[in-house]
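# Examination of the molecular architecture
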Amino acid sequence: MKKYYYLLPAALMLAGCSANDGEQINDEPVKNEKAVTMTFTPYGMEAMTRGVTSISSVVTHLDVWIVDGDNTTAIHQSNSDADFGTVTAVLDKTKTYTLYAVGHKASGEATLTDGIVAFPDDKVTHAMVYSTTFSPGTTTELSCTMSRIVGNFRLEVTDAAPAEVTRMEIHIGQSPTRWDFANGGCNEMDRTATFPISSHTAGSVTLSTFIIAQNDAAANYTMTVTAYDAQDNVVQTRTFADVPVRNNYRTTYRGTFFIDTDMTMTFSVADWENFDVVTF
């Protein structure tokens, strides 16, 4: 459900962001009030052939913070809200505000502390951000094109998983789990993405996870993929060293996993940017 901490025609409730991410509500009336509408769209979708005009087809949560000095107005939306992706705030037209926003697919609301976004349980999902500075005195509408802050690692297993396999995991070596609006990815840690395997057919298994790169350049990470049976015994494991990851790019590894033959590595995407194709 959408949460408002302000949006009253006669008053704006300013929430001060404390060190422990708590939000304090202050009853401070808005002077010289003016409504500002912000519409969020994903990573330049207007340049693509398919007509996506909202973030609702890409993420499930939108968290927005409007900062005025020590005061922060927090707005949280989910894709169950009818107006998901559009925010209207009543602000003081004599002031200048900084807007921070993150769209993501985490299980709940993100938090903002000292310009750093943290996700629930530090779980990295498909995520994008936007930030700007504006004054309601001159700006009443903002078209906010968000930028991806994650790369996508996709493993396409072309052979069938053995019947005893019940889950697969991708263990990602030290990589950022939070986003600093000033400096990029931060709070590096090891993490694991888990995928249940419930169907054993002749078809392939595809695993997909997201990684925050530290900046806009490619960085290399180690990915260890392991298949387990119901008793947590290892059925097969493979380690891929120096996997290149870059925000807004998809890195695809494709090949047989459960039998020992060569695997190919490709970089491809529909609406993501493209790397070259590398065969080894």
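Use the structure listed above.
These notes cover the structure that comes with them. (Residues numbered from 1 in each chain as written. Predicted model: local features only at pLDDT ≥ 70, side-chain atom pairs only at ≥ 80, totals over all residues. Heavy atoms only, no water.)

### Regarding the pairing of strand S16 (residues 219-229)
Burial analysis of S16 places 9 of its 11 residues in the buried class, the great majority of the element. Direction of pairing for strand S13 (residues 165-180) relative to S16: antiparallel, over a ladder of 7 bridges. Residue pairing in the sheet places Val165 in a bridge with Asp229 of S16. Bridge count for S16 against strand S17 (residues 234-245) is 9 bridges, and the pairing is antiparallel. Note that in S17 the partner of Tyr221 across the bridge is Val243. Count of turn residues in the S16/S17 antiparallel hairpin: 4 residues, of which Asp232 carries a positive phi of about 65 degrees. (Buried < 20%, exposed > 50% of the residue type's maximum accessible area, 1.4 Å probe, protein only. Helix = DSSP H or I, 4+ residues; strand = E, 2+ residues; numbered from the N terminus. Pairing = 2+ DSSP bridges.)

### Re the pattern of salt bridges
For side chains of opposite charge, pairing can occur when their charged atoms come near one another. In total, this model carries 6 salt bridges according to the counting rule given. We note a salt bridge from Asp68 to Lys95, for which the minimum N-O separation is 3.1 Å. Of this pair, Asp68 sits in strand S4 (residues 61-68) while Lys95 sits in the loop between strand S6 (86-92) and strand S7 (97-104), and the two are 27 residues apart along the sequence. Given a relative accessible area of 24%, Lys95 falls into the partly exposed group. The partner of Arg167 in a salt bridge is Asp232, with the nearest N and O atoms 2.7 Å apart. Taken as a pair, Arg167 in strand S13 and Asp232 in the loop between S16 and S17 lie far apart in primary sequence, 65 residues in all. Residue Asp232 is classed as partly exposed on the basis of its relative accessible area, which comes to 49%. (Salt bridge = Lys/Arg side-chain N within 4 Å of Asp/Glu carboxyl O.)

### Focus: the packing of aromatic side chains
On inspection of all chains with the given rule, the structure shows 5 aromatic pairs. The interplanar angle of 70 degrees and the centroid separation of 4.9 Å between the aromatic rings of Phe240 and Tyr253 together place this pair among those described as edge-to-face. In this pair, Phe240 is assigned in strand S17 and Tyr253 in strand S18 (residues 250-255), connecting sequence segments 13 residues apart. Relative accessible area serves as the criterion here: at 9%, Phe240 is assigned to the buried category. Joined through ring pairs, the aromatic side chains of Phe153, Phe240 and Tyr253 make up one cluster. (Phe/Tyr/Trp six-rings, centres within 6.5 Å; stacked < 30°, edge-to-face > 60°.)

### Things to note about the layout of surface pockets
Computed from the structure, the largest pocket encloses a volume of approximately 310 Å³. Around the largest pocket sit 17 residues that line it, and Lys123, Val124, Arg191, Ala193 and Thr209 are the ones nearest its centre. Contributions of two or more residues to the lining of the largest pocket are made by strand S14 (184-196) and strand S15 (205-211). Per-element accounting of the lining of the largest pocket gives the leading share, 7 residues, to S14. For the lining of the largest pocket, the residue count by class is 5 nonpolar, 6 polar and 6 charged. (1 Å grid on protein atoms, 1.4 Å probe; cavity = no way out; pocket = protein on both sides within 12 Å on 5 of 7 lines; lining within 4 Å. Points joined across faces, edges and corners; volume = space filled by probe spheres on them. Nonpolar A, V, L, I, M, F, W, Y, C, P; charged D, E, K, R; others polar.)

### Some points on unusual backbone geometry
Positive phi is not limited to glycine here, since Asp121 has a value of about 60 degrees. Position of Asp121 among the secondary structure elements: in the loop between strand S9 (116-118) and strand S10 (127-134). We classify Asp121 as exposed; its relative accessible area is 75%. Positive phi, normally seen in glycine, also occurs at Asn248, with a value near 80 degrees. By secondary structure assignment, the location of Asn248 is in the loop between S17 and S18. With relative accessibility at 18%, the residue Asn248 sits in the buried group.

### A closer look at the nonpolar core
Core analysis: the biggest nonpolar cluster contains 26 residues, and Met168 and Met223 have the highest contact counts within it. Counting residues per element, the ones that place at least two in this core are strand S12 (151-157), S13, S14, S15, S16 and S17. It is S16 that contributes the most residues to this core, 5 residues altogether. In contact with Met168, other than residues within four places in its own chain, are Ala193, Thr194, Phe195, Ile197, Val205, Leu207, Val225, Thr226, Ala227, Phe257 and Phe258. Counting 24 residues, the second largest nonpolar core, distinct from the first, contains Phe40, Leu62, Ala101 and Met128. (Core = buried A, V, L, I, M, F, W, Y, C linked by side-chain atoms within 4.5 Å. Contact = heavy atoms within 4.5 Å.)

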